[in-house]
Amino acid sequence: MVSWTLRPLTVVLAFSVNAFTVLGARIQAPVILLPSDASQRRQDVKDIFLTSWNAYKEFAFPHDDLTPISESFTDVRNGWGASAVDALSTLFLIGEEEIFEEIVNFTSHIDFTISHTTDTVSIFETTIRYLGGMLSAYELSGQKYPALIKQAEILGTKMSAAWINGNKIPFGELDFNTSIPVIQTSNIAEAGTLTLEWSRLAKYTGNDTFRALAEGSVRQIASLATPIPGFPAQGIDPSTGQSVGAYVTWGGGSDSYLEYLIKYARITNTNDTLFADTWHTAVDSSIHTLLRTSTVGNHTYLADLDDSGTIRHIGSHLACFMAGNWIMGGKLLNNNTIVNIGLALNEGCWNTYASTATGIGPEAFGYISSDGNFTGSSAPGEGDLAFYDRNGFYILSGNSDYFMRPEVLESNFYAWRSTGNVKYYERAISAMNSFETFLKAPTVAYAPIDDVDSTDSDFIDDMESFWFAEVLKYLYLTFDDPNRISLDNFVFNTEAQPFIAPPELPVYGSGHLRPASEFQPFKATSGPLPLVSFAPKLPAKIPN
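Bear in mind the structure is a predicted one, so any value in this text is a computation, not a measurement.

Caption draft 1: Structural detail: empty space enclosed by the protein. A full pass over the atoms with the stated rule returns 2 cavities of 30 Å³ or more. Roughly 60 Å³ of internal volume is contained in the largest cavity. Together, 13 residues line the largest cavity, and Tyr301, Met322, Cys349, Phe365 and Tyr367 are the ones closest to its centre. Broken down by secondary-structure element, the contributors of at least two residues to the lining of the largest cavity are strand S12 (300–302), strand S15 (314–316) and helix H13 (336–354). Across the lining of the largest cavity, the residue classes break down as 10 nonpolar, 3 polar and no charged. Taken as a whole, the second largest cavity encloses approximately 30 Å³ of empty space. In this structure, the second largest cavity is lined by Glu259, Lys263, Phe321, Gly324, Asn325, Met328, Glu410 and Tyr414. Looking at the lining of the second largest cavity, the elements with two or more residues in it are helix H10 (255–268), helix H12 (321–332) and helix H15 (407–419).

Right, here's the structure in full:
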């Protein structure tokens, strides 16, 4: 149970002088009442960050990630120091200037021409973490460190080899040592989550090829026949540029393609309405086809649609980004229906935190709606149904872990900034306290846990870079002056790297859905699909 307390409020005017007369599509509430304890809450987040960072520096740097239980490291992002580069913008925002400059210097000397491991390079992960981290740090620091752009250009040029034979869709994995891609199917998230970073790279290098490659991939995806209007199948074959399968989801494998449609429209202010209108059409299709409420608690969620056209009543931590994305997109389209559904989706996602023993949400969960409870796996057991009757969802088998993901707090941040409702601020405090209580490792730093509904859970020995880049940044910014990194002045990439946005337009998109005539009849093509959002765990659990 969550109890609410009244606290003194500090009025923060989150608008410019002409806020009430401006015609732009603004995201943030014009007045946000920042509670008087905000300074202490920021310090609390900073303490968690520095505890984690100091352990990373001692036991893992310059490798990718800390393994806090074994006090060692992993190099799952090619050994370039993922946690360090990914953390750059957070270091800047929390005021750690000395560490920031140290890591800028480190980043300036990384050899991005080869992988430092035997692994192939993920175009998606490398773009959002490394490119995004360097480009955001360059902007936030007032373009003070041109070496970051030089390094980003080297990395982007190497990754450009993922586009071969005139293909519009890049292959998802690339052997950096040979510049030969791995010939295999991909998904629309991998192929469609490059535009923010690569267009920024084009801007600062003067090489528009970077933008053209990333944007061309999205245009190809947006041109495909779709299972439901505007919403492509999850899988895609770069060799043909065509869909693989017919699976439709706001979760992993599709998520950030949809996220970037509206964000690219915002950050470029392009007069081409394709991006905003495609996002609008996908959202409208989701409202008509995927939107459901649970029979207990009336919780709003977006179901999946599988290859057979069957609704799967599932949700995931990854998919919970969509609440914030709908809030943002609805504001940009001046569409309050979408905004309100986004807020309702956020309530459903937060319920997965509020309902567990730790106050932290699980990786994936099932629902029961008026049209059934099919999830694609085994039917809920007696214990699942009892949990559902109490909470309006149940934890899917094998998905009770919390892998230090950011999406619920990300959407909570958008809800807070768009409404100024203090309940979202209080929820961020609740999550932070839960992290301090249940993620604090018995060795060093913080670690994922295997069971969010147990107060004595085993740990998972891997602290990924997005703990620094996303989770702690969204918490910190929830407690920060909303004028500093305003959602009306910045657009976040899918790794929470903020990019400076131009002044907003009056509205985004044409105001109309894409016409049915733009979509060819859909016919599913079968084929293998890559693993989606695989969370590497130790073979054996680490006891608490």
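The discussion continues.
Caption draft 2: Examining the packing of H10 against helix H11 (residues 274–289) more closely. It is at 8 Å that the axes of H10 and H11 come closest, and there the two elements cross at 140°. Classified by the angle between their axes, H10 and H11 sit oblique to one another. When you trace H10 past H11, the crossing you get is left-handed. Residues Tyr257, Leu258, Leu261, Ile262, Tyr264 and Ala265 of H10 form the contact with H11, whose participating residues are Phe275, Ala276, Thr278, Trp279 and Ala282. Along the lines of polarity and charge, the residues of the contact of H10 with H11 split into 10 nonpolar, 1 polar and no charged.

Analysis parameters
- Starting afresh in each chain, residues are numbered from 1 along the sequence in its written order.
- In keeping with the model being predicted, local features are shown solely for residues with a pLDDT of at least 70 and side-chain atom pairs are shown and tallied solely at 80 or more, while totals for entire chains, interfaces and linings include all residues.
- Processing note: side-chain calculations cover all non-hydrogen atoms of the structure and skip hydrogens and water entirely.
- Both cavities and pockets are sets of points on a 1 Å grid over the protein atoms alone; in a cavity a 1.4 Å probe fits but cannot get out, in a pocket the set is open with protein on both sides within 12 Å along at least five of seven lines, and lining residues sit with an atom within 4 Å of a point.
- Grid points are joined across faces, edges and corners, and a volume is the space filled by probe spheres set on the points.
- Helix and strand labels come from DSSP, where a helix needs a run of H or I of at least four residues and a strand needs a run of E of at least two; each type is numbered from the N terminus.
- Ten residues, namely Ala, Val, Leu, Ile, Met, Phe, Trp, Tyr, Cys and Pro, are considered nonpolar, four, namely Asp, Glu, Lys and Arg, are considered charged, and the remaining ones, Gly among them, are considered polar.
- Comment: axis = line fitted to C-alpha atoms, over the contacting stretch for helices; angle = value between 0 and 180 degrees taken between N-to-C directions.
- To sort the angles, those under 35 degrees are grouped as roughly parallel, those over 145 as roughly antiparallel, those from 65 to 115 as roughly perpendicular, and the leftovers as oblique.
- Handedness of a crossing follows from how the near helix is turned relative to the far one, being left-handed for an anticlockwise turn of less than a right angle and right-handed for a clockwise one.
- Residue contacts are counted whenever heavy atoms from the two residues lie within 4.5 Å of one another.

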